[in-house]
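Structural characterization, general
Chain by chain, the residues:
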Amino acid sequence: YVRTFAAAFAAERPPLYGHLTLARSALESSVVSAWLNEPDIAYVERIKRGLCERLYSANEIKWLDLRPGAAEEVTQLQADATSFGWTSHFGRGGKPEVDGTKRPSMGDGITRLLVDDSQARIGRLLWNRLSAVTHVTWWGLQWAFMLPEGEQSRSGGFTTVPVGADSTRVAIQAWCAPRALRAAANRRFTLMGWNDQEWHDAGSRAEAYEYTLFQSATPSS
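The text that follows walks through the structure, step by step, so that each part is easy to find. It should be emphasised that the depicted structure is a prediction, and the values quoted were computed from it without experimental measurement. (Residues numbered from 1 in each chain as written. Predicted model: local features only at pLDDT ≥ 70, side-chain atom pairs only at ≥ 80, totals over all residues. Heavy atoms only, no water.)

Things to note about the overall build of the protein
- The helix and strand inventory of the protein stands at nine helices and two strands.
- Counting only C-alpha atoms and orienting by the principal axes, one finds that the protein spans roughly 65 × 50 × 35 Å.
- The proportion of buried residues among the 221 residues of the protein is 33%.
- Considering only contacts in the protein between residues 6 or more positions apart, those separated by 24 or more positions represent 55%.
- Surface accessibility of the protein: about 13700 Å² in total, with carbon and sulfur atoms responsible for 52%. (Helix = DSSP H or I, 4+ residues; strand = E, 2+ residues; numbered from the N terminus. Buried < 20%, exposed > 50% of the residue type's maximum accessible area, 1.4 Å probe, protein only. Contact = heavy atoms within 4.5 Å. Areas by Shrake-Rupley, 256 points an atom, 1.4 Å probe, with all protein chains shown as cover.)

Written as structure tokens, this is what we have:
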């Protein structure tokens, strides 16, 4: 997702919305990856999280009726949970919960990857805005329109406005996506024992690039 985000701006014509749907996907996958690879959790908790993901996937296959035996696979995975003495069920949106363990809130997960303040609203606000684009809502689609002051509240008439990708807004997403990816990857490298000098140097280079993008996203007045 992050590579494709970058490649979109190397094309002849920059995207209007495509990079935003890619940013959303990059952030979501970073949250899930960071959750699965959290280094300091108990091994039992890691089993629960892995089982949640397997149930999520199996239930999607069952719902879409993609292959024979899909329902039996879901039943077997739930039986595996029961064998550990855990209860399992599917909640809102078909997301599974195993003995109280479930995927983290995307908004909260994004916040934890981007900033140190867990009470900050950046993740929730960013996730909602990107979701508005993906769900084709009007306030999300307005992202590409440079509307004059007060134009959004007008009830009728026609107007001509510029359409394009604002460089400052692009820089914000270009900062968020690799920062979240780096945080998630760092958990993976720590968990697997790969956190060596080479990885540290790569992380430092990425962090320096993130700083450059952040400066582009927050120009001085």
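Concerning helix H2 (residues 18-36)
- Compared with the 27 Å implied by 1.5 Å per residue over 19 residues, the 27 Å span of H2 between its first and last C-alpha is a close match.
- His19, Leu20, Leu22, Ala23, Arg24, Ala26, Leu27, Ser30, Val31, Val32, Ala34 and Trp35 are the residues of H2 that are buried.
- On its buried side, H2 packs onto helix H1 (2-8), helix H3 (43-64), helix H5 (106-114), helix H6 (122-134) and helix H8 (167-192). (Expected span 1.5 Å × (residues − 1).)

A word on the packing of H3 against helix H4 (residues 70-83)
- One can describe the packing of H3 onto H4 by two numbers: an axis separation of 8 Å at closest approach and a directional angle of 160°. The angle between H3 and H4 places the two elements in the roughly antiparallel class. As H3 packs across H4, the resulting crossing turns out to be left-handed. Residues Leu51, Arg54, Leu55, Ala58, Asn59, Ile61 and Lys62 of H3 lie in contact with H4, whose contacting residues are Ala70, Ala71, Glu73, Val74, Leu77, Gln78 and Ala81.
- Considering only residue class, the contact of H3 with H4 consists of nine nonpolar, two polar and three charged. (Axes fitted to C-alpha atoms, helices over the stretch in contact; angles between N-to-C directions. Parallel < 35°, antiparallel > 145°, perpendicular 65-115°, else oblique. Left-handed = near helix turned anticlockwise from the far one by under 90°. Nonpolar A, V, L, I, M, F, W, Y, C, P; charged D, E, K, R; others polar.)

Thoughts on the nonpolar core
- Ranked by size, the top nonpolar core spans 23 residues in total, and within it Leu27, Ile110, Leu114, Leu126, Leu130 and Cys176 carry the most contacts.
- Elements with a minimum of two residues in this core: H2, H5, H6 and H8.
- By residue number, the principal contributor to this core is H2, which donates seven residues.
- Dropping the residues within four chain positions of it, Leu126 is found in contact with Leu27, Ile110, Leu114, Gln173 and Cys176.
- One finds Ala58, Val74, Leu77 and Val98 within the second-largest nonpolar core, a separate group that totals ten residues. (Core = buried A, V, L, I, M, F, W, Y, C linked by side-chain atoms within 4.5 Å.)

A word on a nonpolar patch on the surface
- Together, Tyr43, Val44, Ile47 and Phe84 make up an exposed nonpolar region whose accessible area comes to about 410 Å².
- When you line up the elements, Val44 lands in helix H3. (Patch = residues over 30% accessible without salt bridge, like charges linked within 9 Å, V, L, I, M, F, W, Y side chains within 5 Å. Salt bridge = Lys/Arg side-chain N within 4 Å of Asp/Glu carboxyl O.)

Focus: the side chain of Ser30
- Its location among the elements puts Ser30 in helix H2.
- Residues contacting Ser30, with those up to four places away along its chain left out, are Leu113, Ala180, Leu181 and Ala184.

So, the pattern of salt bridges
- The tally for this structure, following the rule as stated, stands at ten salt bridges.
- Among the salt bridges present, the one from Glu210 reaches Arg179, with a minimum N-O distance of 3.3 Å. In this pair, Glu210 sits in helix H9 (residues 197-217) while Arg179 sits in helix H8, placing the two residues 31 residues apart along the sequence.
- By relative accessible area, Arg179 is classed as partly exposed at 23%.
- We note a salt bridge from Glu210 to Arg182, for which the minimum N-O separation is 2.7 Å. Of this pair, Glu210 sits in helix H9 while Arg182 is found in helix H8, placing the two residues 28 residues apart along the sequence.

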